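Okay, here's what each chain looks like letter by letter:
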Amino acid sequence: MTDRPYTLLSCAMSIDGYIDDFADRQLPLSNEVDAERVDQVRASCDAILVGANTIWRNNPRLLIRSQALRDRRAAKGLPASPLKVAVTARGDIDPALRFFTTGGVGEIVYCTTPAVAKATRRFGEAATVVDAGDPIGLRRMLGDLTSRGPAGYSSRAVARCRHSS
Ligand SMILES: NC(=O)c1ccc[n+]([C@@H]2O[C@H](COP(=O)([O-])OP(=O)(O)OC[C@H]3O[C@@H](n4cnc5c(N)ncnc54)[C@H](OP(=O)(O)O)[C@@H]3O)[C@@H](O)[C@H]2O)c1
């Protein structure tokens, strides 16, 4: 069996059970206190994973906001923010979006086998494109992430964190 990282799903939900609406812009569900909590959760992780639509729609930076949390990570020899990871079937996310252009430590884009060649050309130096199967296999993707995890630090990934900083 492939080693897989400890993975947690971070998702804000409205009191009536919704996580999104049909509008083109981000649906604000969190307040400032929750944003700080999410920052702490992020800071405890090695990687943060989002879907392609979230990157298009919310244009998140996915960085740690708090200088104190960034300093704490630096003291442990970790990069200031976790690795940013995207998943896309078609592989055509815009590399000019903030996910790719702000403070990254080598973003990873997992895409389907048929989209690998196109995505590799599209992202160039902006990200490492990894074949995740067809259809995308979550176990394969998480196994690959584990193999990239920093030695000596428990591998954790946050799935679907949408809170942009
Ligand atoms: N309330 C919250 O805290 C919160 C947090 C995160 C997300 N959300 C919402 O939850 C919904 C889902 O968000 P999400 O981040 O999971 O995904 P998403 O941003 O909606 O992305 C879906 C896209 O990601 C790619 N994708 C995702 N899973 C895939 C798979 N298994 N195989 C192949 N491609 C895959 C595809 O990209 P391509 O089309 O490029 O092929 C697909 O169109 C959205 O409405 C989002 O706004 C809410």
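A brief look at the structure comes next.

Lining the immediate surroundings of the ligand are 16 residues, of which A12, D20, T54, T88 and R90 lie closest. Here an oxygen atom of the ligand sits 2.6 Å away from a polar atom, N or O, in the main chain of T54. Take A89: an N or O atom from its main chain is 2.7 Å from an oxygen atom of the ligand. Notes on the ligand: free accessible area 880 Å², of which the protein chains cover 76%. Mapped onto the shell around the ligand, the elements with two or more residues apiece are α2 (52–58) and β3 (83–88). Here the shell around the ligand takes 3 residues from α2, the largest share from any one element. Looking at the shell around the ligand residue by residue, the class counts come to 8 nonpolar, 4 polar and 4 charged.

Capping the start of helix α3 (residues 67–75), S66 holds a side-chain oxygen 3.3 Å from the backbone nitrogen of A68, two or three residues further along. Phi turns positive one or two residues past the end of α3, at G77, with a value near 80°.

Okay, the packing of aromatic side chains next. On inspection of all chains with the given rule, the structure shows 2 aromatic pairs. Put simply, the rings of F99, F100 and F123 touch in pairs and so form one group of aromatic residues. Sitting over the ring of F99, K84 keeps its end group 5.7 Å from the ring centre.

Reading guide: rules and limits
- Residues numbered from 1 in each chain as written.
- Predicted model: local features only at pLDDT ≥ 70, side-chain atom pairs only at ≥ 80, totals over all residues.
- Heavy atoms only, no water.
- Near = heavy atom within 4 Å.
- Polar contact = N/O pair within 3.5 Å; in protein donor to acceptor, adjacent residues only side chain to side chain.
- Areas by Shrake-Rupley, 256 points an atom, 1.4 Å probe, with all protein chains shown as cover.
- Helix = DSSP H or I, 4+ residues; strand = E, 2+ residues; numbered from the N terminus.
- Nonpolar A, V, L, I, M, F, W, Y, C, P; charged D, E, K, R; others polar.
- Phe/Tyr/Trp six-rings, centres within 6.5 Å; stacked < 30°, edge-to-face > 60°.
- Lys NZ or Arg CZ within 6 Å of the ring centre and 35° of its normal.

Shape is all these values report; function is a separate question.
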